[in-house]
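Structural overview
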Amino acid sequence: MGITRKTAVIAAVTVLAGATGAGLAQAAPPTGGHQAPSACRPANHTAKVTVDRPSAGHRHYRVTLTAARGYEPCQLAGSPTGVRFYHHGALDGVTAGHYGQQNKKVTFGPGHPVHFDIQVPNSPGGARAERTTFTLKAPGGVIPGESSASGPLTVDFGTVVGPVQPGA
């Protein structure tokens with residue numbers, strides 16, 4: 001009989017605690033405004049460098065960014081900043097400027113890849129690289145964190161980076 005009474009007391013306390021929320025962690029109820037993590041955050045997208053068609057006096061490399069399903073689309077604008085180039089893990093001494101319209105908004109997210117151009121003067125020599133890092137820009141400022149892309153390229157003084165454009 002003592003066990004039945006204890007079981008009844010424990011059950012009653014559990015019901016009361018559940019009804020009042022006392023001592024129990026409760027998850028916030030889902031809302032219609034729930035958003036997935038932003039595709040613009042560096043951890044939520046991938047990027048790859050590929051050789052693009054040359055133009056008069058320049059080599060071009062395309063950096064394509066893609067986001068997997070499950071991430072929230074976001075807005076980017078202008079050329080990435082803080083662009084650096086690495087060869088076998090060592091930082092190359094080349095810094096990149098930018099060119100083109102810097103305020104055009106571009107939507108990036110799952111099913112909406114974007115790309116930007118790395119334009120390098122077509123001069124002999126240059127510094128070999130296989131990885132670049134950069135900070136993406138949104139219409140209101142920079143996206144926190146540093147993105148990276150891999151692929152073979154050669155950079156040199158006078159390298160400039162174009163604005164983010166829609167498409168792969």
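Below is a summary of the structure that appears in this document.

The rules we used
- Residues numbered from 1 in each chain as written.
- Predicted model: local features only at pLDDT ≥ 70, side-chain atom pairs only at ≥ 80, totals over all residues.
- Heavy atoms only, no water.
- Helix = DSSP H or I, 4+ residues; strand = E, 2+ residues; numbered from the N terminus.
- Buried < 20%, exposed > 50% of the residue type's maximum accessible area, 1.4 Å probe, protein only.
- Contact = heavy atoms within 4.5 Å.
- Areas by Shrake-Rupley, 256 points an atom, 1.4 Å probe, with all protein chains shown as cover.
- Pairing = 2+ DSSP bridges.
- Disulfide = S-S within 2.5 Å.
- Phe/Tyr/Trp six-rings, centres within 6.5 Å; stacked < 30°, edge-to-face > 60°.
- Lys NZ or Arg CZ within 6 Å of the ring centre and 35° of its normal.

The secondary structure content of the protein chain amounts to one helix and 14 strands. Counting the 168 residues in the protein chain, one finds 33% classified as buried. Sequence-distant contacts in the protein chain: of pairs separated by 6 or more residues, those separated by 24 or more amount to 77%. Summed over all atoms, the accessible surface of the protein chain reaches about 9900 Å², with 60% contributed by carbon and sulfur.

Buried residues dominate strand S8 (residues 114-121), accounting for seven of its eight residues. With eight bridges joining them, strand S2 (residues 58-66) and S8 adopt antiparallel strand pairing. Residue Thr64 lies in a different strand from S8, and its bridge partner there is His115. Pairing analysis gives two bridges linking S8 to strand S14 (residues 165-166), with the strands arranged antiparallel. Of the residues in S14, the one forming a bridge with Val114 is Pro166.

Let us look at the state of the cysteines. One pass over the structure, following the stated rule, counts one disulfide. A sulfur-sulfur distance of 1.9 Å marks the disulfide that ties Cys40 to Cys74. Handedness here is read from the sign of the S-S torsion; for Cys40 and Cys74, about 95°, the answer is right-handed. Remark: Cys74 occurs in strand S3 (residues 74-77) and Cys40 occurs in the loop between helix H1 (2-20) and strand S1 (46-55); sequence separation between them is 34 residues. Given a relative accessible area of 2%, Cys40 falls into the buried group.

Moving on to the packing of aromatic side chains. This model, assessed by the stated rule, comprises one aromatic pair. Pairing Phe116 with Phe134 gives two aromatic rings, centres 5.1 Å apart and planes at 80°, and the pair type is edge-to-face. Of this pair, Phe116 sits in strand S8 while Phe134 sits in strand S9 (residues 127-135), and the two are 18 residues apart along the sequence. The exposure classification of Phe116 matches that of Phe134, with both residues buried. Over the aromatic face of Tyr86 sits the side chain of Arg131, whose NZ or CZ is 4.7 Å from the ring centroid.

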